[in-house]
Protein chains: 2
Amino acid sequence: MTAKKVRTAITPIREENFSEWYQSVINGAEMAENSVVRGCMVIRPWGFGIWETMQKVLDERIKKTGHENAYFPLLIPKSFFQKEADHIEGFATECAVVTHTKLENQDGTLVPAGKLEEEYIIRPTSEMIIGKSFSDWVHSYRDLPLKINQWANVMRWEMRTRMFLRTSEFLWQEGHTAHETEQEAREETEIMLQEYKKFLENYLAIPVLEGEKTPEETFPGAENTYTVEAMMQDKKALQAGTSHYLGQNFAKSLEIKFQSRNETEEFAYTTSWGVSTRLIGGLIMTHSDDDGLVLPPKIAPQHIVILPFLSRKNSNPDADTAVLEKCKTLQNRLEELSFSSDTIDISVKIDSSEKSGKNWDWVRKGIPLRIALGERDIEKGGFMLSRRDRPANEKEFVSFEDIERIPEILEEMQNTLFEKAQKFQKENITEISSLDDLKSHFLEKNSENSPAGFVICYADKEINEEREQLLKELKITARCIPYAYNKKDEQGNPENSESKCIFSGKTTTTKIVYARAY
Amino acid sequence: MTAKKVRTAITPIREENFSEWYQSVINGAEMAENSVVRGCMVIRPWGFGIWETMQKVLDERIKKTGHENAYFPLLIPKSFFQKEADHIEGFATECAVVTHTKLENQDGTLVPAGKLEEEYIIRPTSEMIIGKSFSDWVHSYRDLPLKINQWANVMRWEMRTRMFLRTSEFLWQEGHTAHETEQEAREETEIMLQEYKKFLENYLAIPVLEGEKTPEETFPGAENTYTVEAMMQDKKALQAGTSHYLGQNFAKSLEIKFQSRNETEEFAYTTSWGVSTRLIGGLIMTHSDDDGLVLPPKIAPQHIVILPFLSRKNSNPDADTAVLEKCKTLQNRLEELSFSSDTIDISVKIDSSEKSGKNWDWVRKGIPLRIALGERDIEKGGFMLSRRDRPANEKEFVSFEDIERIPEILEEMQNTLFEKAQKFQKENITEISSLDDLKSHFLEKNSENSPAGFVICYADKEINEEREQLLKELKITARCIPYAYNKKDEQGNPENSESKCIFSGKTTTTKIVYARAY
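Rules behind the numbers
Residues numbered from 1 in each chain as written. Chains lettered and ligands numbered in written order. Predicted model: local features only at pLDDT ≥ 70, side-chain atom pairs only at ≥ 80, totals over all residues. Helix = DSSP H or I, 4+ residues; strand = E, 2+ residues; numbered from the N terminus. Rg over C-alpha atoms; globule rule 2.2 N^0.38 Å. Buried ≥ 20, exposed ≤ 12 C-beta atoms within 10 Å, placed from the backbone. Contact = placed C-beta atoms within 7 Å. Least-squares fit on C-alpha atoms with pLDDT ≥ 70 in both. Pairing = 2+ DSSP bridges. Axes fitted to C-alpha atoms, helices over the stretch in contact; angles between N-to-C directions. Nonpolar A, V, L, I, M, F, W, Y, C, P; charged D, E, K, R; others polar. Domains from an automatic or database assignment.

**Student:** Could you clarify how one ought to interpret the overall build of chain A in this entry?
**Tutor:** Scanning chain A from N- to C-terminus turns up 13 helices and 27 strands. In terms of overall size, chain A behaves like a compact globule, its C-alpha atoms giving a radius of gyration of 26 Å where 518 residues would be expected to give roughly 24 Å. If you line up chain A on its principal axes, its C-alpha atoms span 80 × 65 × 55 Å. Looking at chain A residue by residue over its 518 residues, the buried ones come to 48%. Summarising the internal contacts of chain A: among those between residues at least 6 apart in sequence, 69% fall at separations of at least 24.

**Student:** Is there a simple way to explain the relation of the copies chain A and chain B in this structure?
**Tutor:** One chain copy maps onto the other through a rotation about an axis and a shift parallel to that axis. Under the fitted operation, chain A is carried onto chain B by 0.0 Å of movement along the axis and a turn of 180°, and the coordinates agree to an RMSD of 0.0 Å. When the rotation and shift are considered jointly, the pair of chain copies conforms to a two-fold rotation axis. For chain A, the residue whose C-alpha comes nearest the rotation axis is Val98(A), separated from it by 2.1 Å. Of all interface residues in chain A, 100% are interface residues in chain B too; the two copies therefore contact each other through one and the same surface.

**Student:** How do you make sense of the environment of Ile350(B) when you look at a structure like this?
**Tutor:** All names here are of chain B. By secondary structure assignment, the location of isoleucine 350 is in strand 18 (residues 348–350). You can call isoleucine 350 partly exposed: it has 17 C-beta atoms within 10 Å. Considered as a pair, isoleucine 350 and leucine 330 are 20 residues apart in the sequence and their alpha carbons are 9.8 Å apart. If sequence neighbours within four positions are ignored, isoleucine 350 has contacts with Ile306, Pro308, Cys327, Lys328 and Gln331.

**Student:** Just to check I follow, could you spell out the sheet that holds strand 21 (residues 396–399) of chain B for this structure?
**Tutor:** In any sheet, the strands associate via hydrogen bonds between backbone groups, in a parallel or an antiparallel arrangement. Residues and elements named next belong to chain B. If you trace the 5 strands from one edge of the open sheet to the other, you get 18-15-19-20-21, paired in mixed fashion. Across the chains shown, the open sheet's two edge strands, defined by having one partner strand only, are strand 18 and strand 21. Here the average twist between neighbouring strands, direction ignored, is 30°. Sheet analysis places strand 20 (residues 382–387) next to strand 21, joined by 4 bridges and oriented antiparallel. The partner of phenylalanine 383 across the bridge, within strand 21, is valine 398.

**Student:** Looking at this model, I keep getting lost on helix 7 (residues 278–287) of chain A. Mind explaining?
**Tutor:** Working note: α-helix, 3.6 residues per turn, so residues spaced by three or four point in the same direction. Counting buried positions along helix 7 of chain A yields 10 of 10 residues, so the element is predominantly enclosed. Within helix 7 of chain A, the full set of buried residues consists of Arg278(A), Leu279(A), Ile280(A), Gly281(A), Gly282(A), Leu283(A), Ile284(A), Met285(A), Thr286(A) and His287(A).

**Student:** Can you help me understand the interface of chain A and chain B in this one?
**Tutor:** Many descriptions give the size of an interface as the accessible area lost when the pieces come together. Each partner contributes residues to the interface: chain A has 47 residues there, and chain B has 47 residues. The biggest single contributor to the side of chain A that touches chain B is strand 5 (residues 97–106) of chain A, with 7 residues. Within the side of chain A that touches chain B, the residues separate by chemical class into 27 nonpolar, 9 polar and 11 charged. Looking at chain direction, strand 5 of chain A and strand 5 (residues 97–106) of chain B are connected through 3 bridges and run antiparallel. The residue bridging His100(A) from the neighbouring strand is Val97(B), located in strand 5 of chain B.

**Student:** Got a minute to help me understand the environment of Leu116(A) in this structure?
**Tutor:** Residue and element names in this part refer to chain A. Along the chain, the position of leucine 116 falls in strand 6 (residues 109–122). In this structure leucine 116 comes out as partly exposed when scored by C-beta crowding, with 17 C-beta atoms within 10 Å. Sequence-wise, leucine 116 and histidine 100 are 16 residues apart; in three dimensions their C-alpha atoms are separated by 5.5 Å. In this view, leucine 116 contacts Thr99, His100 and Thr101; residues no more than four positions away in its chain are not counted.

**Student:** Please explain the domain arrangement of chain A as it appears in this structure.
**Tutor:** Looking at the assigned domains, one finds that chain A contains domain 1 (18–72 + 126–287), domain 2 (302–408) and domain 3 (427–515). Taking only C-alpha atoms into account, the centre of domain 2 of chain A sits 49 Å from that of domain 3 of chain A.

**Student:** How should I be thinking about the sheet that holds strand 11 (residues 237–247) of chain B in this particular structure?
**Tutor:** Residue and element names in this part refer to chain B. The 11 strands are arranged 3-7-8-14-11-10-9-24-27-23-22 in an open sheet whose pairing can be described as mixed. Strand pairing shows two members of the sheet lacking a second neighbour, strand 3 (68–69) and strand 22 (429–431), which therefore form its edges. Against the sheet, helix 5 (residues 182–202) engages strand 8 (169–179), strand 9 (208–212), strand 10 (224–231), strand 11 and strand 14 (269–276), with an angle of about 165° to strand 11.

Here it is in structure tokens:
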């Protein structure tokens, strides 16, 4: 006999099989599904609604920080990929290649025809094609800074795909900027990294460690890559957004040149930064539970669903009409409310569909609040309220006069989700001080379903074959050199005392975070 | 000696060469430019800002009419194109074909590798791939109607391209719906056609003739196509948006089946409808003048630019500081205002750049209002206002107390632009009653730069080789069977009296509009 299991809306549950649970949450919430195109997904309305909310918030911040949106071609001529050696190496092995421009009917079969002289690549990222435009637009220091953002689909022909986390086609925003000086470009890189951190923490309620990537994890062609790393509930790391300082590398290969204030010809300093639909995967793995998706209210496409309690087979039509009218009135009153200092209007849906089990459908979709309303509730002057951050069967009677409490409840849910995720993150960061500790930490605890969280240790940035081999054996990677563990004093000197790199034994003040990662 | 020419910001002017003028307006406003990818354009921030405003308005209406956004794969497997014979014929001759999944370095040259078993087509439209999902989602009449919209890039390998009007890649929204009954699907087709009409007339200030397409102009695979046709300043027609009733054609080829209320298995009735970045081309050719772009205020990315009048080489820094501060104050006050019944917040930019000729840059960009503000204006307690719908050198002094007039002025500009376009359209629609009239009308007046406008005549819908040949010679096409000239009485009977088709001589009550078209 096994212990009695609590019934959950999602099977398997997290502790049984985290990756199957993840897929079940997506299916249960009707967020996305596989398509007939290898590695590409269909993003269904509920999943796309989350992306739209993300876009809205982020787009506003991108514009407030002085960037303008534009749109560049989907295709990139093959020859462009040969201009930046590191860049091509990073992307050539997985890209969709367009070779023909029509289909011809040959004996009833359609075959490619109209062969192109030069093949095109579907953009895996747009540094090269946007850089080309920059080289046309920038002539003088007066044309700088140039600060552009693009919302687009990109394609990387990944071998192993996983919904939202790694798909052949995904949606993202990619910022591209050009500057007069290194300092200004470095500041831009940092500003956008901090924007990502704020967005993740304040809206998605996902706490992150921000920091610099080590050389082996740097974007192909970049001088420095900065990242925000989040911890999922299985304690693995998710790279949630990156901001790259590209130095003059791309400017040199694409001739982004300008006449300086001193009338000399200089190459511009460029940056790029992006986040993608991958964030939706991060959202799922940070907050969801064994009943399905849990959404921070500030990023939910809708905040409240009202479920009218109607008579069986419409046996009492008058009462049903009264209930539906009351639902409509309540919806209107709730939609006049807003939260998060008036920046978010409360969005309310009435689900009067005939489907059975619709309460559980909405639990699985992670809508923050569910309201049940029937004849008896109206008599008692209120409704039954269920919160998605509480057990699914928990209900509370709220009288109609008290609906002003709703914005507070949403605010509180947002904060609770963040605090819970933050506590989890902190509990699963371990500082260690030797190579043996690192090995025993990951070898003993690092099973598929329960990796050992984040480990912080003194380490220099250099990578060699031996270290590479060891990390591979432990199935971990350097996630970043986190700011929080590498603070500097007012003079810019490291606050960390000197110690020895656990790998090389050389003296260093740098601390690096290691973890298994998506 | 030729007559003295008025200096204009755009050359050539409209009457010299309309199509070169069109291109110059785009260049002058920095809206878009050609890219290194054949037939694809780069949409620059000012052009993209217009598209964003369009998206915002239209997306809200699409949602208000009960549709949800989703996202489907960019690529379509080749075999899908073989499922609908008419559809494939319409698109196979111009499409980008993906055949490989990587590039390999062979002796220093990158060559396509990783050949696909089945090729993919970059979507030219998404009926097939969205229809596939519909077939997975629809099981019962309870799952209907299904009302989905997608904002996406699509690709058609056009032979002759023209910025915004016909480009290999373009941006659009495509609505796709499935219904239980023919009637409901037909109503949906009509609802969205009317949404397009309202959007074009109320926001873009472009008057349209809406109506049904004749069979030869119907979308490949559709039963009926409805269109909104606009008249450009060169009197040519622009198909600005279409709404298709697809009957059960796509449902049958993709197996979109459901169990009906009578428990029989039925095929769904589907629709699709779309508008694209082509609308930006229509906007340019409807309103712009020989000084460049003219934007209806309701669709302008920004409404007002403030141009501070500063001292030469900053010779009077104190005065300059005072001017810039006043500009900022004025910007803040103006941005508190809104127009169009409070639905549009006024957006104001201060351009304090050092560039010479920036007043004319903003004229060419078509920003609705320009404000010049210098030391003297401040002393006089106001600023100089220039309206884009008046001659570029016209200015009016407005005192600071009168800024409440600004929303009224914007509203008035919006109406004036629409009325002007409507008057032009009406003046260039001619009703004719014989084939000879049609011939002489277009042969005599139909030069490249001044086509003869829209012609309305009695004609049946049938097309035969002879008629096709004649239309080709006259360089015209049937644009649509316009509602406005084919009214029905309350019983649904045609109000037009019976007459003879000018082509076939057969009795008909149908009137068709013919024109040259983009």
